[in-house]
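Examination of the molecular architecture
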Amino acid sequence: MSSRWAMRSFLIPVSLLLIVVSALGPHRSAEAQQPEPMRVIVHIVRAGETVDDISAQYQTPAATIMQANSLNRGDAVRTGQRILVPVAVGQLPYGTIEQTTLGLAQSLDELALVLGIPLLDLARHNGAVNPTAGVTGQAVDVPPRPQTTLGGDITAQAAPLWREAFRSNLSPYTLALDNALSDPFRTVPGQIVRVPGDQPARPLVREPWTGLTLSPPVLEQGRSTVLQATTNRPGTLTVTFLDTVWPSYSDGTTHTALIPLGRYTEPGIYPLTVVFTADDGTSSTFEQPVIVYDGRYAVERLFIPEDIAAVLSDEALVEQELAYVRGLMTTFSEEQYWEPGAYWLLPSPAVLTSAYGVTRDYNDGRLTQFHTGTDLGARAGTPIYAPVSGVVVATADLQVRGLSTILYHGRGVFTGYWHQQAILVEPNQSVTAGEQIGIMGNTGLSTAAHVHWELRILGVPVDPMQWVRQPFP
Ligand SMILES: [Zn+2]
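Reference entry: report on the structure contained in this document. All figures in this text were calculated on a predicted structure; none of them were measured in a lab.

Overview of the overall build of the chain
- The helix and strand tally for the chain stands at 10 helices and 28 strands.
- Relative to its full complement of 473 residues, the chain shows a buried share of 33%.
- Looking at the chain alone, contacts between residues at least 24 apart form 68% of all its contacts between residues at least 6 apart.

Here's what the structure looks like:
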């Protein structure tokens, strides 16, 4: 008797597990079709080099390189041009020991100082022409560290600095850079030269900046990124990226700006400009190129009933409803309702049935759309919760989206919940993380019970799952 009970309590969790695994199946297989993990190297074209030469050097198909750089067949590359080269992980050149990514306000020379690696070694390993010009998000190969345990100061003798440097197993160029010398071969006897070792790392940014970060430093189509800056005096920031000024929030000397990257932002290298205007009227500009990577979204082929396809093909109706929704999800205000640094909750105990960003091809190419949110599927009647605190902006019964709720979380961040069976909140009502706001259903243009969860920042739809996986300040 007791063994039978033991058997039953063992079987129940197993059968639940099987349901979850089989429901995950289609999503898993869609992911499996994607290419293996790639890293993107910034290659600077040398004189006479062609795409075929670069292809051979990195063992990356020429077509992949051309696609990553929006090049057409027959397009020539210029000497000095920065080319993005996707490289399969494990196939990186130079027998690399480690890789890292350049953060904001970092260049190869600064990274060399932080890592304690001679700049020349780092630059050589990365084929860099100008080691002071870093590109945020750039993958950097880190060569083995030299065996130095030196620290403190050395005094240049009658002998030039380069001889001291070699005696200490250091690069004379690194020493010159670290000491702000124009030429390592010309030092004055008696001059104090600092050598890397047990000294604190030199700050990466200069006055009035005391810190500048972009997280994640790797920007991708359809993903959110946050710029944080600290300054030595109070003031405000103006953040410009992709020809847009992004609203920022300043609390004295701490400044934050959220940047949503559109699903169709062209991959490439773009300047990021941050202007700090201090309360005393002085201003300082920081500028650095930043890479935007391809989001590598899949294509989904779907077959839907003709009556649904007919409504989806009605451009005027679809556009009108989209304009209504977008209009409600586009403003910015300084208050923030989500707890800084908290992971967001998944809005429903359900399975991800269709990811953000996939291109949806309906009924054999009759209609193509990009999926602006994440679909979470479960039985009709499953609760829908607020993933984080916010305020209800609107509730509506829409032709395409069905029973819909829009929440505002502050700082230009909105979420939407479509296709509900019932709405349990009212406009202007405050909600807290984990509070039930609705019931999952199949209303509007939907073929199975699910909630479409959409996240827009200043009107731009981005991947909501990133906010579940990564805390935002
Ligand atoms: Zn959806």
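So, unusual backbone geometry
- The residue after Ser215, namely Pro216, is reached through a cis peptide bond having omega -5°.
- Tracing the backbone through its elements, the reader meets Pro216 in the loop between strand S7 (209-215) and strand S8 (219-220).
- In this structure, Ser70 takes a positive phi of about 50° despite not being glycine.
- Looking at where Ser70 falls in the secondary structure, it is placed in the loop between helix H3 (62-68) and strand S2 (82-88).
- Phi angles above zero are rare outside glycine, and Arg296 is one such case at about 50°.
- Relative to the helices and strands, Arg296 is located in the loop between strand S15 (283-293) and strand S16 (299-302).

Quick look at the pairing of S15
- Bridge count between S8 and S15: 2 bridges; the pairing is parallel. Each residue of the ladder has a partner; that of Glu220, found in S15, is Tyr293.
- Relative to S15, strand S14 (residues 268-278) is paired through 10 bridges, and the arrangement is antiparallel. Considered in S15, the bridge of Phe276 is made with Ser284.
- Taking the residues between adjacent antiparallel strands as the criterion, S14 and S15 are bridged by 4 residues, where Gly281 takes a positive phi near 95°.

What to know about the sheet that holds strand S18 (residues 359-362)
- Strand order across the open sheet formed by 3 strands is S16-S18-S19, with mixed pairing between neighbours. Either end of the sheet is taken by a strand with one partner, and the two such strands are S16 and strand S19 (367-370). Each strand of the sheet is rotated relative to its neighbour by a mean of 20°, with strand direction disregarded.
- Judged from the 4 bridges that link them, S16 and S18 form a sheet pairing that is parallel. For Leu302, the partnering residue across the bridge sits in S18 and is Tyr362.

Some details on the nonpolar core
- Leu108, Leu219, Val239, Ala257, Ile259 and Val451 are the most contacted members of the largest nonpolar core, which totals 69 residues.
- What Leu219 contacts, discounting residues up to four positions off in sequence, is Gly137, Thr225, Leu261, Val290, Ile291, Val292 and Tyr293.

A few points about the environment of Asn69
- Along the chain, Asn69 falls in the loop between H3 and S2.
- Each C-alpha atom, one on Asn69 and one on Gly268, is 6.8 Å from the other, the two residues being 199 residues apart in sequence.
- With near-sequence residues (within four places) excluded, Asn69 lies in contact with Ile83 and Leu84.

Here we look at the pairing of S19
- Note that S18 and S19 share 4 bridges and pair antiparallel. Across the sheet, the residue bridging to Arg360 is Gln369, located in S19.
- Between S18 and S19, which follow one another and run antiparallel, lie 4 residues, and Asn363 among them has a positive phi close to 45°.

Some thoughts on the sheet that holds strand S12 (residues 248-251)
- An order of S7-S9-S13-S12 is seen for the 4 strands of this open sheet, with the pairing classed as antiparallel. A strand with exactly one partner marks an edge of an open sheet, and here the two such strands are S7 and S12. Pairs of neighbouring strands in the sheet enclose a mean axial angle of 15°, with direction left out of account.
- The pairing of strand S9 (residues 224-231) with strand S13 (residues 254-260) spans 7 bridges and is classified as antiparallel. What sits directly across from Ala229, in S13, is His255.

Some details on the environment of Pro461
- As for its placement among the helices and strands, Pro461 is situated in strand S28 (residues 460-462).
- Under the C-beta neighbour-count criterion, Pro461 is labelled buried, with 24 such atoms within 10 Å.
- Along the backbone, Pro461 and Arg263 are 198 residues apart, and their C-alpha atoms lie at a distance of 7.8 Å.
- Residues contacting Pro461, with those up to four places away along its chain left out, are Thr372, Gly373, Glu454, Leu455 and Arg456.

Some remarks on the environment of Val425
- Note that Val425 resides in the loop between strand S24 (413-423) and strand S25 (430-431).
- Spatially, the C-alpha atoms of Val425 and Val391 are 9.9 Å apart, while their sequence positions differ by 34 residues.
- Aside from chain neighbours lying at most four places away, what touches Val425 is Val392, Thr395, Thr405, Val431 and Ile437.

Conventions and cut-offs
Residues numbered from 1 in each chain as written. Predicted model: local features only at pLDDT ≥ 70, side-chain atom pairs only at ≥ 80, totals over all residues. Helix = DSSP H or I, 4+ residues; strand = E, 2+ residues; numbered from the N terminus. Buried ≥ 20, exposed ≤ 12 C-beta atoms within 10 Å, placed from the backbone. Contact = placed C-beta atoms within 7 Å. Pairing = 2+ DSSP bridges. Axes fitted to C-alpha atoms, helices over the stretch in contact; angles between N-to-C directions. Core = buried A, V, L, I, M, F, W, Y, C linked by C-beta atoms within 7 Å.

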